[in-house]
Every structure is written in C-alpha cells, then in structure tokens.
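Here is how the chains run, residue by residue.
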Amino acid sequence: MKKNDFLFRFSTFLALITLFGLQPAKAQKKASLTDGKKKQEAFGKYLNMKSESGYKDLHWQFLGPTNVSGRCTDVAVVTPKGKNFTLYVATASGGLWKTDNEGTSWIPLFDQQASTSIGDIALDPSNPHVIWVGTGEANIFRSSQSGAGIYKSGDDGKSWEPAGLENTLTIARIIVDPKNPNTVYVAAPGHEWTKNKERGVYKTTDGGKSWDKVLYIDDLTGAIDLVMDPEDNQTLYAATWQRIREKWNDPRVEEGYSKSGIYKTSNGGKSWKPVNNGLPAAKYRGRIGIDIAASNPDVLYAFVDNYEFSHEFDEEDTDSYGRPKTGVIKGATVYRSNNKGENWKQVSGRTEETKTYMERHSATYGWVFGQIRVDPNDENTIYTMGLGLNVSTDGGKTFKRLRGMHGDHHGLWIDPDNSNYLVNTNDGGIYISYDKGKNWRSFTDRLPLVQFFNIGYDMDEPFHVYGSIQDHGSRRGIVDLSRGRDQVPAVAFEWAPGGEGSTHAIDPTNSDIVYSAGFYGSMTRTDMSKPREERTKRIKPRVYESEPPLRGQWIAPFILSPHNPDIIYLGMQYVFRSTDRGDTWEKISPDLTYNDPKKIGDIPYQTVITLSESPGMYGLIYAGTDDGRAYVTKNGGKNWTEITKGLAKNKWISRVVSSNYKQSLVYLTQNGKRDDEFTPYVWKSEDYGQTWEDISSNIPLGPVNVTREDPFNKNILYLGTDAGVFVSKNGGDSWEVLGDLPSTYVHDLIVHPRDNVIVIATHGRGMWVLDAGKINGR
C-alpha cells in the first residue's frame, strides 16, 4: 500500500469514528462532590440503594461499649419541668436523641439523615412539638464532621424535612422568634477546611422555605454565636469568627486577622453595627461566646478566646499532646457589658491567681469551646465551658470548677423556673444536676455515642477488639459468639494500651503482646500478662539532632508483618522497620511526602497515613500519605516507586490494601473530608499501582474511610464510608449497602480471619458486629 493511500484510509477511519461517536476509551475523571444540595441528593440515592439491597435484612448487632458515651454538643428541654420530662440531646456525630422520662430511656431520632453531626437544636417556644436541628458540629475539633443544612420536625422528631442552608456545613446556633414561630435566625460559621460565602447570620420568615443572609462579613468569617434580647425580639447580638482549619494548623488567630467580633441589630437583622468597645483588639480576638441576662437584658457577657500574649514557657514545656509550647496567651477571658453591648469591661483574670486559672481554662485549644451561660434568674451567676464546667457567682471575677462530670464541655441548659436544675453536655455525654452542680446524674450506659477512630483485633478465644476513642483513651471488648452468631451481646469495654488517638496491633501468636501508637506516633509495646507498672515499654524511633524532627499523624499507622509478627512497620514522614518488636529501628524510605515547608505547622502533616505489606511476598510494601502520594517497594524498602499517577490529586489516602489473593493486586481509597468534599474515591490496580481503575461504580457519596478484602472469597470487598457499609461480590464492579445499620461514620472495619465476623468501628455509634458467613457462605 502506498503511503498516500494509507494516510487517506486512516483519515477516513478517524472521521467515521468521530461521526459515530466511536472514540477510543479514555479514563473518566471523577466529578468532585462539594455542593451541599447535591450531597443531600446523593444521600437520597444511598437510602434507595439501602432499601433495594439484597442485604437489607441483615442485622448489625451493637457490640458496645455499654459503659462509655460520647461527645454531645447541645441540649433542649421541654418546659415547664414537673409537667414535662422530655429532653433532646444533640451529638457531635451520633445524631439526635430523645427521652420522655428524664433519661431513664432514650431513642434515636436522626438515624437516616445526610449528616448525623449536630451543631445546635432549638424548640419552638410556642410549640415544643416543633424541633429545629442544625447539622454540622461548629466546634471543628479533629473529629468533627460536616453537616447538610437545617432540618425541621413538626411531630416531636418522628419525621424530618430538610429546611435549607445545605452549603453552610456547620451550624452554631438557632433562635426561634418567640412571637413569630415562622421567623428563625441561624448562626453559620461556615466550612471547616475551605473558604465559602455561605456563612454568617441567616433569617427565615416563612418557616424555613427561604432564607436571607442578614449578616455577612467575608468568605473566611462566619457567625459562631447568636442571642436575642428576651424583651425585644428585634434586638439580637451575633459573634463572628474569622477562621479556617488548615491540614497543618489548628483554627487559630493568624496574622492579618481582624474580623472576629460582636455585632448588634435592633431591627431584626436589617442592619447591624459592631459593638466591640472594650474587647481585645481585633487582631487578638478568636472565638467568642455570648449570652444575655434574662433577668436584666442590659447585661451581656462575652467569652473571648484572647490571643494577647501573657508569658513565655520554658523550652521543655509541652502542650496536651506532647508538642513544644512557644508561649502562653491570655486565652479564656470574660467581658461584661451593662449597657446592651455599647461598652465592655474585662471581669475575669484580674488577679494573678484568677489569671492563671483562666489561662488553663481551655488548655491550648480554646477554639473548641467558647460557650457561656448566664443564670436566667441571677445576672451575676455565669457558667463557662472549657476543659471543665466553671461557675462564677460574682459576675465573672472568680470561678470554681464543678466536679463529677467528664471533661470538655459544650452545652448547658439552666431551668428558668429553677436555677438549681442544670443539664450539661460534654465529651462524655449528658449530665443532670438537681442541686446547682453539687451532684450529677449521668447516662453513659444509655446513650451509645462512642467515637471510635479505628479497630484492631487479637486471636484469643473469644477474641477481643481494640479501639481508640475520642477523649476516652483506648479500650477493648470481647466478641462473644457462644450464644450464636446472631446473638452477640453488647458488652462493657475495659482499659487497653494506647491513648485516645492510637492504632493497635496484637501479636497473633501471643495475645498478651499489644502494640499501640499514640499521639503522633508515640509507640509502645505492652505485655498484658505483667503487673501494670511493668507492662509497657516505649519503642518510638529516634532521630539524631541534626535530622528533621519526626512527623507522625494524630493516629500514626503501623502494621505487624504478616510474615513475622516480630517485624513492625511504622509510618511517619518516613517508613521505619523493626525486626525485634520495636527495640531497634531502621529507616527504610526517604521522606515520601511533598515535604512542603509552607505546610509545616501546629499539626504534623505530610506524613505516611496507611501501610500494607503483601501477605504473599515479604518486602512488598505499599504506603500512602495524608498529602495524597502513594508508593510501592518490592524489595523491603531498598527502592520505592511512586504510584500516585491516576489518583485524585492531593487527597488523603485513607487506606491501601495489598491483596491476599494476587501478588500484583492492590486496593486504595482516598478521603476528601479535609477539602470539604464528599466524593467516593475507590481504586483498584492489578499491576502494583502502575495504573489505577476507578471501582467506586454506583457508590453515590463518600468520604471513604476503609476497604477490606473478604478473607475467604477473593471477589468480595467491603467498604466503610461516612454513611455506612458497602459490599461488592464482583471485585468492585458494583456495590450494595450492607445491612440495617443507621447512618453513621464507619471509620474502620475488620473481618476476623478465624471467626468470620465483620466488626466495624463507627465515629459516633460505637462498634457493631455482623455475621460475614451470610455474605461469603462460610
């Protein structure tokens, strides 16, 4: 064939391809899911999948803990007390719960919504059957979850309707006008991780059908608190907060910030004026909580996270998590106004003793707290919430801490008819006092709200599961199959090695040997058979003074080699290996992250966050980082090959799994939470990660936290997301929702290799168990 004839025929072929749309296949770029309305729609698809799933009748069994509760963010109480015993409690990631008998029993009301993270709740003062819920915890702690807008119920929480503001993602306060129930105000702090315009103060006058943004500063400044004058429904005060959480920094006051402050409206939000006279200079103002004295509305209090410098620390001083301190700020500072906000005066910390007390009030993370309440019957009695619940009876001059509760406090309700009756919410659940805080009644055994970060297991009979819990350390519980695989009892969990942010791995040949990696990679090895004082040895790797300090994530990953349990791999910015149970270490990789110096801050970032070694080949190791890089080594770390190409750019690699069935097969998931993104990223490679196939298929939304292979069937995969659990029986070609689980954040999942049961660790509803035999037929 002549060259011209070939060119003519080839050009004709290309033209026909174009004409009939038969273009060569290309990898499809996954559309990013960031819009709140589309998130709600995607969740609707998830509910449809759940109702149509072939596994819809499989029952997840609650495992526990039965002796620990979890973080609660707000409480609403039906009044008057004595005639009503109904309370509603909002939780950080476990939905909304209700009791009609003052805590004797509780029922969940928010099990099937697009977000079960609650920032605030409010009852209609004129009709307590009407409940308003704002989703998205506003405290933006490390384990906070994003919301999906406002919801409204007109039947005591039996049913719910979305009521807008889907793109705010966090809600701090809801106020229902007592004179007009269709008028509602909302304080929206805005996205946690990214800038957005859907923040500020919103108002509806038609019961949530439409909203007007009545106070807006900019796309970095939202509203964190809001109060209404009890004698004038046109007068409101709003606290604004300029903040963003970086992946490497807490949401602190940064250089150039000046937008945090207090605003006042006297005409229902039509116009606002700043009322900051007497408060710290704008560049020092962090989060602000506000409240008004119902007994004297001229009096307001402002609780300011004050960044004015106080004094230096010694070089060896560290913060709550072992990180070096650079100095002390004034921190928790209370101001009072006696003229409706026109002027403020500092009332707390005026003596050296009270100054020190307030500096320690909220440790080094005052931006997590910021709540203040004024006794509705006494303008001089105020409560502030930080590590503890604190009370002042002299207008904020002195404080004392109320004892008998768990720590880290986020909400308080004071009975307007009886100031002795208090209802408090904190990281341990909900507490009630009948004597103004002298004694407290708790409900840790009745509100299953535990926020697990992860799960580990041993090979005992019966086997234990281990997990680290937000603000409750690490615990373990028994999975008792003696009554049958459908009769697994819920159990109390006991102490386990590690802290509140720990990975666990247990020697499969000796269940007494427990490894844990605590805050930022602080590893220990514990022998549970020994007396407590002799059990634990610290085994964290060390570096020379001339080397960069180690960077480990809050929950640093490590694994025991499937070929030899004495071999440990630990992920920091490097991968370390120990061949003697952690007594000595060698660095087997270079820095696998981007190591951008601009992204080195308060929080260790640019770290290895997931590791996996092939069960079939010693030294075939995969590593994934929190800044979106993936690597493989086939020779135990001598050489590393980057395999990031084809993955979503810069997205946290939440899990990598080297297949048990085929040496070249690997699975990987990514998580866009830290970009305020809800796209499901699930990948599969059959060539050691050189090319990736998107197997998210029909999964409507993420983020995705974990994937696992079934230990008995090579075609079965499991997936844990921020909605629930998915299963695929065809290697990821299609997925179904697995079982009757309530909507919850599934942070980790294991399939026990001997007992063939699935156990999931949720962030807000504890641990759950399911018989895997009903899926894999074993």
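Read on for a plain summary of the structure. Just so you know, these numbers come straight off a predicted model, no measurement behind them. Here the residue index of a chain counts from 1 through its sequence in written order. Restriction of local features to residues with pLDDT of at least 70 applies here, the model being predicted, together with a cutoff of 80 or more for giving and counting side-chain atom pairs; totals for whole chains, interfaces and linings are based on all residues. Computation of side-chain values covers all heavy atoms of the structure but excludes hydrogens and water.

## Regarding the sheet that holds strand β50 (residues 704–709)
Here comes step 1: Taken in spatial order, the 4 strands make up an open sheet running β50-β51-β52-β53, and their pairing is antiparallel. What marks the edges here is a single partner per strand, and that holds for β50 and β53 (736–737).
Here comes step 2: What makes two strands pair is DSSP finding at least two bridges between them. For helices the rule is a DSSP run of H or I covering at least 4 residues; for strands it is a run of E covering at least 2, with both sets numbered from the N terminus onward. Relative to strand β52 (residues 725–728), strand β51 (residues 717–721) is paired through 4 bridges, and the arrangement is antiparallel. Counted as the bridge partner of L717 is S728 from β52.

## Thoughts on the sheet that holds strand β37 (residues 536–538)
Backbone hydrogen bonds are what pair the strands of a sheet, in a parallel or an antiparallel way.
Here comes step 1: Ordered in space as β34-β35-β36-β37, the 4 strands form an open sheet in which the pairing is antiparallel. With partners counted over all chains shown, the strands left at the sheet margins are β34 (503–506) and β37, one partner each. On average, each strand axis in the sheet is tilted by 20 degrees relative to the strand beside it, whichever way the strands run.
Here comes step 2: Of the pairings in the sheet, the one linking strand β35 (residues 513–517) to strand β36 (residues 523–527) comprises 5 bridges and is antiparallel in character. Within the sheet, the bridge partner assigned to I513 lies in β36 and is D527. Note on geometry: axes are lines fitted to C-alpha atoms, helical ones only across the stretch in contact, with angles between N-to-C directions running from 0 to 180 degrees.

## Examining the pairing of β50
Here comes step 1: Think of it in three bands: residues with accessible area under 20% of the maximum for their type are buried, residues over 50% are exposed, and the middle band is partly exposed, with areas taken using a 1.4 Å probe on protein chains only. The buried fraction of β50 amounts to 5 of the 6 residues, a majority that puts the element mostly inside the structure.
Here comes step 2: Pairing between β50 and β51: 5 bridges, direction antiparallel. Counted as the bridge partner of T707 is L719 from β51.

## Focus: the pairing of β51
Here comes step 1: Among the 5 residues of β51, 5 are classified as buried, and the element is accordingly described as predominantly covered.
Here comes step 2: In β51, alternate side chains face the same way, and those of L717, L719 and T721 on one face and Y718 and G720 on the other are all buried.
Here comes step 3: Counting the residues in the hairpin turn of β51 and β52 gives 3 residues.

## Quick look at the pattern of salt bridges
Here comes step 1: One side-chain nitrogen of Lys or Arg within 4 Å of one carboxyl oxygen of Asp or Glu is enough to make a salt bridge. If you walk through the whole model with that rule in mind, you get 40 salt bridges.
Here comes step 2: In this structure, D675 and K247 form a salt bridge, with 3.1 Å as the shortest nitrogen-oxygen distance. A residue pair is termed long-range when its members are at least 10 positions apart, and D675 in the loop between β47 (666–671) and β48 (681–685) and K247 in the loop between β15 (232–242) and β16 (261–265) qualify at 428 residues.
Here comes step 3: Its relative accessible area of 23% is what places D675 among the partly exposed residues.

## A look at helix α2 (residues 36–52)
Here comes step 1: Between the first and last residue of a helix there are one fewer steps than residues, each counted as 1.5 Å, and that sum is the expected span. Spanning 17 residues, α2 covers 25 Å between terminal C-alpha atoms, matching the ideal 24 Å at 1.5 Å per step.
Here comes step 2: Every buried residue belonging to α2 is among G36, K39, Q40, A42, F43, Y46, M49 and K50, and all of these are buried. Buried positions in α2, seen along its axis, are confined to an arc of 165 degrees and lie on one side of it. Residues K38, K45 and E52 are exposed on α2 and point more than 90 degrees away from its buried face.
Here comes step 3: Each polar contact in these results corresponds to two N or O atoms within 3.5 Å; when the atoms are within protein, one needs to be able to donate a hydrogen and the other to accept it, and residues that are neighboring in sequence are counted only if both atoms are side-chain atoms. Among the residues of α2, the N-terminal cap falls to D35, whose side-chain oxygen and the backbone nitrogen of K37 are separated by 3.1 Å. Here, the arc refers to the directions that run from the helix axis to the C-beta atoms.

## Some thoughts on the packing of aromatic side chains
Here comes step 1: Planes of paired rings set the category: under 30 degrees apart is stacked, over 60 is edge-to-face and the rest tilted, where pairs are Phe, Tyr or Trp rings (Trp by its six-membered ring) whose centres lie within 6.5 Å. This model, assessed by the stated rule, comprises 18 aromatic pairs.
Here comes step 2: Here F62 and W768 contribute two aromatic rings whose centre-to-centre distance is 5.5 Å and whose plane-to-plane angle is 70 degrees, an arrangement assigned as edge-to-face. Remark: W768 occurs in strand β56 (residues 767–771) and F62 occurs in strand β1 (residues 61–64); sequence separation between them is 706 residues.
Here comes step 3: Note on criteria: charge over ring means Lys NZ or Arg CZ within 6 Å of the ring centre, with the direction from the centre no more than 35 degrees off the ring normal. Lying over the aromatic face of W495, R532 brings its terminal NZ or CZ to 4.3 Å of the ring centre.
Here comes step 4: Taking NZ or CZ as reference, R629 lies 4.2 Å from the ring centre of Y594, over its face.

## Structural notes on the nonpolar core
Here comes step 1: Membership of the largest hydrophobic core comes to 37 residues, with the highest contact counts inside it found for Y88, L96, I121, V133, W160, F726 and W735.
Here comes step 2: Sorting the residues of this core by element identifies α2, β3 (87–91), β6 (118–124), β7 (127–135) and β51 as the ones contributing at least two each.
Here comes step 3: If one sorts the elements of this core by residue count, α2 sits on top with 4 residues.
Here comes step 4: The nonpolar core is taken to be a set of buried Ala, Val, Leu, Ile, Met, Phe, Trp, Tyr and Cys residues, with the residues joined through side-chain atoms within 4.5 Å. With 29 residues, the next largest nonpolar core counts A138, A239, Y307 and W367 among its residues.

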